[in-house]
Each structure stands twice: as C-alpha cells, then as structure tokens.
Amino acid sequence: MTRADRLVELIRERELDQLFVSDLTNVRYLTGFTGTNGACLVGSADRIFFTDFRYTERAEQEVGEDWERPAAERELVPQIAARMSGRVGFEDSKLSVRQLARLEAAVGDDVDLVPAGDLVERLRAVKEPGEIERIAAASELADQVLRWTVERGLAGRTEREVARACEARIREAGAEPSFPPIVAAGANGALPHAEPGDREIGTGELVVFDMGAQLDGYCSDGTRTFATGDPGDQAREVYDLVLTAQLASLGAIRVGASGKEVDAVAREIISEAGHGDHFGHGLGHGVGLEVHEAPRLAMTSEDELRAGNVVTVEPGVYLPGRFGIRIEDFVVVEAGGYRNLSGTSKELEIVG
C-alpha cells in the first residue's frame, strides 16, 4: 500500500471525496517531488500532481508513474480547481487566507471546500523502516560533527565561531544543518533558543550545544551541555537533576504512552527539586522531514506514542542570568520500548 493509498483511508474517515495537499513537505512525502512549487489532489480514484513549467522535467524524474501529471499551465489554481469535485478537504493549518480565497473563487458550484486538519502529518508521524534508516544516518553524522567541533575546543572561541564551524563541517560531510545550531555559553544558556553571538566562551562555564543534520531530506536533533572547566557545585547539581529527569522520561517511552504522560515524568522530577518554573518548554517533539513535527511530548499533548514514531526527549533547567542545561536524545519508539539514535555520552564533559 502506497502512502497515497493510506491517505485515502483517512480521507474516507473524514467523509471527503478528495484532499488538496498544498504544503510542500507533505507533497514531497506523497510524491517525492523536491521543487519549490507543487501541489497534489488525492482521492479514491485521483492521484494528480501539479507544478509549473520550471519543474516539469524535475517532476518527470521524481514523481512516480502512479501520479497523473497534467501539462503545466500558466496559473496553477484554476488548473487545480478544475479537477476538484464533491467535498474537498484542504490543509487549513498550512493554506493562507489569501490562498484559500483564491481557491474558493476558482472552484465550481459542485465543490465544497472543507478544513481537513493534518491528515498527511498523521501518516508522517509513523516512520517507515527506510525513513528510520535515513534519520539514523543523519543522527550519526550529527554526532560525528558535534564531537569534531568540541574536540577543537570551546573556551576562547565565540559562540558564533563555534556554530559556523559546526555548520561548515556538516556541509563538508554532504548534509545541511537541520536548523541553525544553538551555541549558548554562561548566562546565554538560560535562553532555550539562544542565537550564537560574538560573546567569547570563557573557562568554567556551561555551554549548551543544540544541533542537527539534514541528510537525504531527513533531519536529526540533539543537545548536549558541556563545561569549559569546573562549573561549580550548583551547576553540577542541576546537571545531575536534568540527567535524572531525562533518563526517567526515556524509561517512560513505550507504545501507547501519551505525550502528556511522558512529559509529566520529567516535569515532576524537576518540579520536586524546586525548578518547575525553570522548565518552561515541552519535553520533546517528533522529527522527520521537518525538525519539528508530530507527535509532541508536552503538558498539552493529546498524542499517543506509536511504533515508528521518532521523538526527542529534552528536559532542561534554565536559571536566568546564570546558566542553562539541556540534555536531548533522539529515539525511535519500538514495540519493546525505544531505540536511542543519539550516540554521544551524557555525562558532564569538561572540555577546553
């Protein structure tokens, strides 16, 4: 059964006749198309891919023969609208108000446009074996680059210098960063999504290093916190707390566990130690073609873990004006629990 076939089952569940897929990542997942302008229409008898003249040859190479590829026209919206019929779902979390207005103006009276939610994302959340292999390869490459970067020292270099060296190394290895690396030293580490700056990394500081690689379309994501000398008793105590919470929440990863339940394991440990207010983000998220996707591990998550999910587990404690600590692994949910794709040690490492 193809991905489009599985999508049709979800389309039927929603009592739709077709689904208009406009998000490019979802289009890639269904068709293999990697260009910057494309869409598709899926129904019980429909597998139609649309693009413009610039990508005609690419579509011939990338989009499978089971997809109809109409000749490119000057305007895609009228061409797509002409092939719609019945109750047609659209990706309401992706389609802009302006795009929807154009589509509504173009469809015929026999078409009822219906918000359909994230149907393709539901499929993407459960990875196929081939996808897991690609994600594992991206994670392994990222681990190698992290180790290479850290071995060249942190103290005396600026955050930006370290981040740029990391990005360059990823590209030299034939991949792309899956997001701009976070290198945050000292008080900057208390900013969960700090941007590397010209601050020189000193000695005796904690450095949060969050990075990932995108290889063959699939992403990785991982974080380690290093010390550039003895960071002091409080920093070591908080590090041990975060590591304890991370290991405990990893132990809660299993098929059928809720994202809210797994998040609560880490949150309770951190809160009981008096740092509940210093852990303000969710425990983790799915990763695949995008670095943030379903399922979520968070207080508000309604997701249930399934075999084939790939998620991060990344508790953190952030003390404003002082330091931050985050430890993040990247795991595949399996029938017997999980498989950790992160290969870097989580013991507090002192580096130069």
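Residues numbered from 1 in each chain as written. Predicted model: local features only at pLDDT ≥ 70, side-chain atom pairs only at ≥ 80, totals over all residues. Heavy atoms only, no water.

Caption draft 1: Broad picture of the sheet that holds strand S6 (residues 176–177). Strands sit in the order S6-S9-S10 across an open sheet of three strands; the sheet is antiparallel. Of all strands in the sheet, those with a lone pairing partner are S6 and strand S10 (218–219), marking the two edges. Examined bridge by bridge, strand S9 (residues 213–215) and S10 share two bridges and lie antiparallel to one another. Of the residues in S10, the one forming a bridge with Gln-214 is Cys-219. (Pairing = 2+ DSSP bridges. Helix = DSSP H or I, 4+ residues; strand = E, 2+ residues; numbered from the N terminus.)

Caption draft 2: Seen up close, the nonpolar core. In this structure, Leu-7, Leu-19, Leu-30, Val-42 and Trp-67 are the most contacted members of the largest nonpolar core, which totals 36 residues. Those elements that place two or more of their residues in this core are helix H1 (3–13), strand S1 (18–21), helix H2 (24–31), strand S2 (38–43), helix H6 (119–124), helix H7 (129–151), S10 and strand S17 (329–334). With five residues, H1 is the largest single contributor of residues to this core. When neighbours within four sequence positions are excluded, Val-42 is seen to be in contact with Ala-4, Leu-7, Val-8, Ile-11, Asp-17, Gln-18, Leu-19, Leu-30, Arg-47 and Trp-67. Listed in part, the 30 residues of the second largest apolar core include Val-238, Ile-270, Leu-283 and Phe-323. (Core = buried A, V, L, I, M, F, W, Y, C linked by side-chain atoms within 4.5 Å. Buried < 20%, exposed > 50% of the residue type's maximum accessible area, 1.4 Å probe, protein only. Contact = heavy atoms within 4.5 Å.)

Caption draft 3: Geometry of a negative patch on the surface. A cluster of acidic residues, Asp-233, Glu-237, Asp-240 and Glu-347, forms a negative patch at the surface. Tracing the sequence through the fold places Glu-237 in helix H9 (residues 233–251). (Patch = residues over 30% accessible without salt bridge, like charges linked within 9 Å, V, L, I, M, F, W, Y side chains within 5 Å. Areas by Shrake-Rupley, 256 points an atom, 1.4 Å probe, with all protein chains shown as cover. Salt bridge = Lys/Arg side-chain N within 4 Å of Asp/Glu carboxyl O. Lys, Arg positive; Asp, Glu negative; His and termini not counted. Charge placed at Lys NZ, Arg CZ, Asp CG, Glu CD.)

That's the geometry; what it means functionally is another story.
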